[in-house]
Amino acid sequence: MRKAMDAVGLPVVCLQTGETLGTVRDILCDSTWHVRGVLLSEQGWFHSGTYIPTEQIHAVGESCLTVTGKDAITPLPHLAGIEPVGIVTGKMKLKGKAVITASGELLGRLEDVYFSANWEKLVGYELSNGWFADVTEGRKRLPAPASVIIGEDNLIVPDFVRT
């Protein structure tokens, strides 16, 4: 498994030219938790935003993410019809949200997510109960359930999900 925060901040390098094309700002998932790509720049007033679709990524290493050519950079509006879920950016970002069961039990705050080894799908959450608990007990891991309600402040998971 790979952690999202290990990829965020990596430079994106073009294998054809050796040029650095940007920096990974976020990982974008769809509603079924499949990775759709990595965000290079967010949408703004005068900029549509850019991302690299998953199928254009050659490799995600420890030091950089590689793509075959510059044409891998795609305008963000090409994700039309899909409201991507970002890990650290966007309206639906996950990092920092409280994770609560449907019956009202607080499991912790989402600090990171885990992806399958091939970066295909989000498979788990890393939760924190604060700095002291992180040091004394460590962070909790939670398998990603198929159905999650993403609210403005909270993620609601089914009752059967436990750390």
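Summarised in this report is the structure supplied together with it. Being a predicted model, the structure only gives us computed values, none of them experimental. Residue positions are given per chain, counted from 1 along the sequence in the order it is written. For this predicted model, a pLDDT threshold of at least 70 governs which residues receive local features, and a threshold of 80 or more governs which side-chain atom pairs are given and counted, while totals over whole chains, interfaces and linings are taken from all residues. Just so you know, side-chain values use all the structure's heavy atoms and leave hydrogens and water out.

Some thoughts on the pattern of salt bridges
Any two side chains of opposite charge can pair if their charged atoms end up close together. Salt bridge, as used here: a side-chain nitrogen of Lys or Arg that lies within 4 Å of a carboxyl oxygen of Asp or Glu. Across all of its chains, the model carries seven salt bridges by this definition. Notably, a salt bridge pairs glutamate 111 with arginine 139, separated by 4.0 Å at the nearest N-O pair. Linking glutamate 111 in strand 12 (residues 106-115) with arginine 139 in the loop between helix 2 (131-136) and strand 14 (140-143), this pair joins segments that are 28 residues apart in sequence. Buried means the residue's accessible area, taken with a 1.4 Å probe over protein chains only, is under 20% of the maximum for its type, while exposed means over 50%, and partly exposed covers the values in between. For arginine 139, a relative accessible area of 40% puts it in the partly exposed group. Salt bridges here are not isolated pairs; linked through shared partners, they connect Lys3, Lys95, Glu111, Glu126, Asp134 and Arg139. Runs of H or I in DSSP of at least four residues are treated as helices and runs of E of at least two as strands, each being numbered from the N terminus.

Observations concerning the pairing of strand 6 (residues 50-53)
Burial of strand 6 is two-sided: the residues Thr50 and Ile52 facing one way and the residues Tyr51 and Pro53 facing the other way are all buried. In this scheme, strands are said to pair when DSSP sees at least two bridges between them. Where strand 5 (residues 35-41) and strand 6 come together, four bridges link them in antiparallel fashion. Among the inter-strand pairings, glycine 37 is bridged to a residue of strand 6, identified as proline 53. Relative to strand 9 (residues 74-75), strand 6 is paired through two bridges, and the arrangement is antiparallel. Among the inter-strand pairings, threonine 50 is bridged to a residue of strand 9, identified as proline 75.

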